[in-house]
Amino acid sequence: MEIVVNIILAVLGMYFLIGILFGLYFLFKGATKIDPLMKDTKKKVRILLFPGIIATWPFLIKRLFKSKSL
Amino acid sequence: MGLDYQLVLWNKFKKTYDKIIVLAMLLYVILFAAITLTFNSETSIETLIIRAFGSLAIIMLHIILIIGPLSRLNSSFLPILYNRRHLGVSMFIAALIHGGFSIFQFHALGDVNPIYSIFTSNMDYGSLTNFPFQVLGFFALLILFVLASTSHDFFLSNLSAKIWKRLHMMVYIAYALIIAHVFLGAFQQETSTFTIGLLITGFIIVSGLHLVSAYKEHKVDKTSTNGTENWLKVCDISEIEEDRAKIFTIQNERVAIFKYDGKLSAIHNVCKHQGGPLGEGKIIDGCITCPWHGYQYLPHNGQSPPPFTEKVSTYQLKLENKTVFINPKAFDEGTEVEPCKY
């Protein structure tokens, strides 16, 4: 059981770590590429979005790649 | 609706609702503390906080879950629905305080990582009576974090309404985890029939209201329309309230027929913002206003007023005596249709 616990926590930790790294890039650069409304969005709003970006980074990465391939 | 994202979409009414939420939360915590200390003056402050915010989060979650079905059954509950997003974030804050204090009190004072300790301090996973209930609460809190952190129009727009809605349906998984967390956890230590009864009552109310509203929706879908050739008879004009709509299912699509200023117009019932039921909204300032988040559409062409760009399909209507007929063929989104005058 301890192995299962270790795997779950490692996966969760990795997910959040990648989310934080991606979030830092996305918040100040990537987001504007997929959403024009982000261009004039204030810094405090971007910071508010940060936890959500960490939580949903796989979906946002997919959108970012799609927008680049267009 | 806006040209950039705002921190919080507040208006006069939402500010009032938020003040009520904060005051009610404070009042609950104070009352909970007063009652607990009256009956058990030795309760520590940490335990008090854990229990007060834990029970508050559960009560708020029940309210959040019943708002949807209640508003479908009775439109007077719609104003609460408009503020469900803020209620959800407030509930997450209450749950976070509960979880944070629990982790601090029970898992953070040793030399093991607190998160690791949640999973390993009790390894009796095979037992029902001694199951490590904290793990269930941890996963419920994770789900609530995802929901609260994505409760912003940015995510609705960029994840797509479909994915956003699917993510937010996870609230039911969180609810199941929380119910199990409370049953297996709190009742291991303190078997209170009153608390068990309250939780069971809550579950019956939540599931009962969902079933009743689903039955009502099913009846709307089955509403019969009849007619010949291109026109389907839908209803008598008197069945539609002024500045409101009646919803019909036309060829498996829900259509809202609005009555306003001596005119009738029909549009697709689904709001482009988050799939809200436009037909449950009303005409405000000449625009059909979605009951969920206030997105607006002009009734005669299904377009959001400039500079906004959302569009929904429109339908042609005709009136014979006092009977309303609809052409089931939807026009392209945003197509102008002459309103039917009466």
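See the structure printed just above.
What you are looking at is a predicted structure, and each value in this text was computed from that prediction instead of being measured.

**Student:** Let's hear about the overall build of chain A: which residues, and what values?
**Tutor:** From N to C terminus, chain A includes two helices and zero strands. In terms of C-alpha radius of gyration, chain A reaches 15 Å, well past the compact-globule figure of 11 Å for 70 residues. With the C-alpha coordinates of chain A rotated into their principal frame, the extents come out at 50 × 30 × 15 Å. Counting only residues that meet the buried cut, chain A has 23% of its 70 residues in that class.

**Student:** Just give me the short version of the interface of chain A and chain B, but keep the residues and values in it.
**Tutor:** At the interface, 21 residues of chain A touch 22 residues of chain B. Contributions of two or more residues to the side of chain A that touches chain B are made by α1 (2–34) and α2 (43–69) of chain A. In terms of residues, the side of chain A that touches chain B owes the most to one element, α2(A), which gives eleven residues. Considering only residue class, the side of chain A that touches chain B consists of 13 nonpolar, three polar and five charged.

**Student:** Please set out unusual backbone geometry residue by residue, giving values where relevant.
**Tutor:** Residue and element names in this part refer to chain B. One non-glycine residue, Asp261, lies in the positive phi region at around 45°. You can see Asp261 is positioned in the loop between β3 (253–260) and β4 (263–268). Located in the positive-phi region is Asn321, a residue other than glycine, with phi close to 55°. Looking at the element boundaries, Asn321 is found in the loop between β9 (317–320) and β10 (323–326). Overall, Asn321 belongs to the exposed group, with 6 C-beta atoms counted inside 10 Å.

**Student:** Give me the lowdown on the packing of helix α1 (residues 12–39) of chain B against helix α2 (residues 45–73) of chain B, citing residues and values where you can.
**Tutor:** In a packed pair of helices, the relevant descriptors are the angle between the two axes and the axis-to-axis distance. All names here are of chain B. It is the contact of α1 with α2, at a shortest axis distance of 10 Å, that shows an interaxial angle of 130°. Taken together, α1 and α2 sit at an angle that is classed as oblique. Like other packed secondary-structure pairs, α1 and α2 cross with a definite hand, here right-handed. From α1, Met25, Tyr28, Val29, Phe32, Ala33 and Thr36 reach across to α2, where they touch Leu48, Ala52, Ser55 and Leu56. Residue composition of the contact of α1 with α2, by class: eight nonpolar, two polar and no charged.

**Student:** A description of the sheet that holds strand β7 (residues 296–297) of chain B should follow, citing residues and the corresponding values.
**Tutor:** Residue and element names in this part refer to chain B. Strands sit in the order β5-β6-β7 across an open sheet of three strands; the sheet is antiparallel. Each edge of the open sheet is held by one strand with a lone partner, namely β5 (282–284) and β7. Here β5 pairs with strand β6 (residues 287–289) via three bridges, running antiparallel. By the bridge assignment for β6, Lys282 is matched with Thr289.

The rules we used
Residues numbered from 1 in each chain as written. Chains lettered and ligands numbered in written order. Predicted model: local features only at pLDDT ≥ 70, side-chain atom pairs only at ≥ 80, totals over all residues. Helix = DSSP H or I, 4+ residues; strand = E, 2+ residues; numbered from the N terminus. Rg over C-alpha atoms; globule rule 2.2 N^0.38 Å. Buried ≥ 20, exposed ≤ 12 C-beta atoms within 10 Å, placed from the backbone. Contact = placed C-beta atoms within 7 Å. Nonpolar A, V, L, I, M, F, W, Y, C, P; charged D, E, K, R; others polar. Axes fitted to C-alpha atoms, helices over the stretch in contact; angles between N-to-C directions. Parallel < 35°, antiparallel > 145°, perpendicular 65-115°, else oblique. Left-handed = near helix turned anticlockwise from the far one by under 90°. Pairing = 2+ DSSP bridges.

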